[in-house]
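What the coordinates show
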Amino acid sequence: MQAEASILLDTYELTLSPITFDDVPRLHELSIGVNWPHRPHDWELLLSVGHGFAARDEIGRIVGSAMWFPMGPGRATIGMVITSPRLQENGAGRWLMKHVLAQTKGREKVLNATKPAYRLYLSLGFAPLKTVFQHNGVAHHVPDGPDHARPMTEDDRAAICRLDSLAQAADRSHIFDLLFPVSQGTVIDRNGTIEGFALCREFGRGRVIGPVVAASEEDAIALIRPHVIAHKDSFLRMDTREAGGRLSSFLNDAGIALYDTVTTMTLDCGDPQTMFSSSPYTVYGLVNQALG
């Protein structure tokens, strides 16, 4: 797919360049402008594992971004597609996406579409697959629940990466290399076999619980509950594809209420249902919406 390195949109001439770490302060300003919660450190983590473009105006200000993240050799997630409000109706998002699609040609592609961007992704050939429910709020209460999770140790890390790869049908070990040092974790350990895990780290307005992988909702709640206890009366967020059920009730009862939804969409994925149904383990919580 050919995409021009510069474009004239209305009265704005935009040029495209790779995102670098030097751009983080301006990328942070961009995300604040559309009310996204990412802190500079959250941007730095994404730049450490992904590739991206920045759209710049005539005086060098960043007015748009788009990133993609390799998940092994055959898949990519796409995220951080942002355009400043004054350019959102002028085709800047489509222009940025064409560059991302050119770089991810030959890979399965997955993204989580916000409501304003949903029609754009449909027009680019993406198909809706699942709804993601964004829960967030101050955890003012710790509901009763199972307590059979234990704290993660250094020795659990390899097993966690293997379990995540099985649940995702994709290799994200390079992402865990960055998550482990900044996260607290819990695991389900059955006779020496790790059958579930949950990580919790600083993100946005507080902390995010994710990723979470487990064999059942009961295990997922057991994994999450210690993090709610540890950060009671603090702002917590969790993004999950689970609609209703015990997990949703647990989060809502804790004060981590449903706030918004986005839509998981896929392109060039063959049978995308196999991403979520071919493993005995379920991804109950996302890393974030960019990384899945």
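A brief report on the enclosed structure follows. Here the structure is a predicted model, which is why all the values come from computation and not from measurement.

Another aspect to go through is the packing of aromatic side chains. Aromatic rings in a pair are described by how distant their centres are and how their planes are angled relative to each other. The final tally for this structure, using the stated rule, is three aromatic pairs. Seen in terms of ring centroids, Tyr-121 and Phe-126 are 5.9 Å apart; in terms of plane orientation they differ by 65 degrees. Their pairing is edge-to-face. For the pair Tyr-121 and Phe-126, one class covers both residues: buried. Aromatic pair Phe-176 and Phe-197: ring centres 5.8 Å apart, planes at 75 degrees, arrangement edge-to-face. Remark: Phe-197 occurs in strand S10 (residues 193-203) and Phe-176 occurs in helix H6 (residues 173-179); sequence separation between them is 21 residues. Judged by its relative accessible area of 1%, Phe-176 is buried. Residue class for Phe-197 comes out buried when judged on its relative accessible area of 0%. An aromatic cluster of three or more residues is present, and its members are Phe-176, Phe-180 and Phe-197.

The next subject is the packing of helix H1 (residues 24-33) against helix H2 (residues 40-49). Contact pair H1 / H2: the axes reach a minimum separation of 9 Å and the direction vectors enclose 115 degrees. One finds that H1 runs roughly perpendicular with respect to H2. The crossing of H1 and H2 is right-handed. Within the contact between the two elements, H1 uses Val-24, Leu-27, His-28 and Ser-31 and H2 uses Pro-40, Trp-43, Glu-44 and Leu-47. Considered class by class, the residues forming the contact of H1 with H2 number five nonpolar, two polar and one charged.

With that out of the way, let us pick up helix H7 (residues 217-230). In this model H7 runs 20 Å from its N-terminal to its C-terminal C-alpha over 14 residues, within 8% of the 20 Å that 1.5 Å per residue would give. Remark: the principal bend of H7, roughly 25 degrees, maps to Ile-224, with a proline, Pro-226, within the next four residues. Considered for burial, the residues of H7 that qualify are Asp-219, Ala-220, Ile-221, Ala-222, Leu-223, Ile-224, Arg-225, His-227 and Val-228. In this structure, the buried side of H7 is in contact with strand S9 (183-190), S10, strand S11 (206-214), strand S12 (235-240), helix H8 (245-254) and strand S14 (282-285).

Further remarks concern the pattern of salt bridges. Using the criterion set out here, one finds 17 salt bridges in the structure. In this structure, Arg-56 engages Asp-23 in a salt bridge whose closest nitrogen and oxygen atoms are separated by 2.9 Å. A residue pair is termed long-range when its members are at least 10 positions apart, and Arg-56 in strand S3 (residues 51-56) and Asp-23 in the loop between strand S2 (12-18) and H1 qualify at 33 residues. Overall, Asp-23 belongs to the buried group, its relative accessible area being 4%. Across the pair Lys-232 and Asp-233 runs a salt bridge whose closest N-O atoms are separated by 3.5 Å. Among the charged side chains, a salt-bridge network with shared partners connects Arg-39, Asp-42, Glu-202 and Arg-207.

With that settled, consider empty space enclosed by the protein. The final tally for this structure, using the stated rule, is one cavity of 30 Å³ or more. The space that makes up the largest cavity amounts to roughly 150 Å³. Along its surface, the largest cavity is lined by 14 residues, and Arg-75, Val-110, Gln-168, Arg-241 and Gly-292 are the ones closest to its centre. Residue assignment for the lining of the largest cavity shows that the elements contributing at least two residues are strand S5 (75-83), strand S6 (108-113) and helix H9 (274-277). For the lining of the largest cavity, a count of residues per class yields seven nonpolar, four polar and three charged.

Criteria and cut-off values
- Residues numbered from 1 in each chain as written.
- Predicted model: local features only at pLDDT ≥ 70, side-chain atom pairs only at ≥ 80, totals over all residues.
- Heavy atoms only, no water.
- Phe/Tyr/Trp six-rings, centres within 6.5 Å; stacked < 30°, edge-to-face > 60°.
- Buried < 20%, exposed > 50% of the residue type's maximum accessible area, 1.4 Å probe, protein only.
- Helix = DSSP H or I, 4+ residues; strand = E, 2+ residues; numbered from the N terminus.
- Axes fitted to C-alpha atoms, helices over the stretch in contact; angles between N-to-C directions.
- Parallel < 35°, antiparallel > 145°, perpendicular 65-115°, else oblique.
- Left-handed = near helix turned anticlockwise from the far one by under 90°.
- Contact = heavy atoms within 4.5 Å.
- Nonpolar A, V, L, I, M, F, W, Y, C, P; charged D, E, K, R; others polar.
- Expected span 1.5 Å × (residues − 1).
- Bend = angle between axes of the 7 residues up to and from the residue.
- Salt bridge = Lys/Arg side-chain N within 4 Å of Asp/Glu carboxyl O.
- 1 Å grid on protein atoms, 1.4 Å probe; cavity = no way out; pocket = protein on both sides within 12 Å on 5 of 7 lines; lining within 4 Å.
- Points joined across faces, edges and corners; volume = space filled by probe spheres on them.

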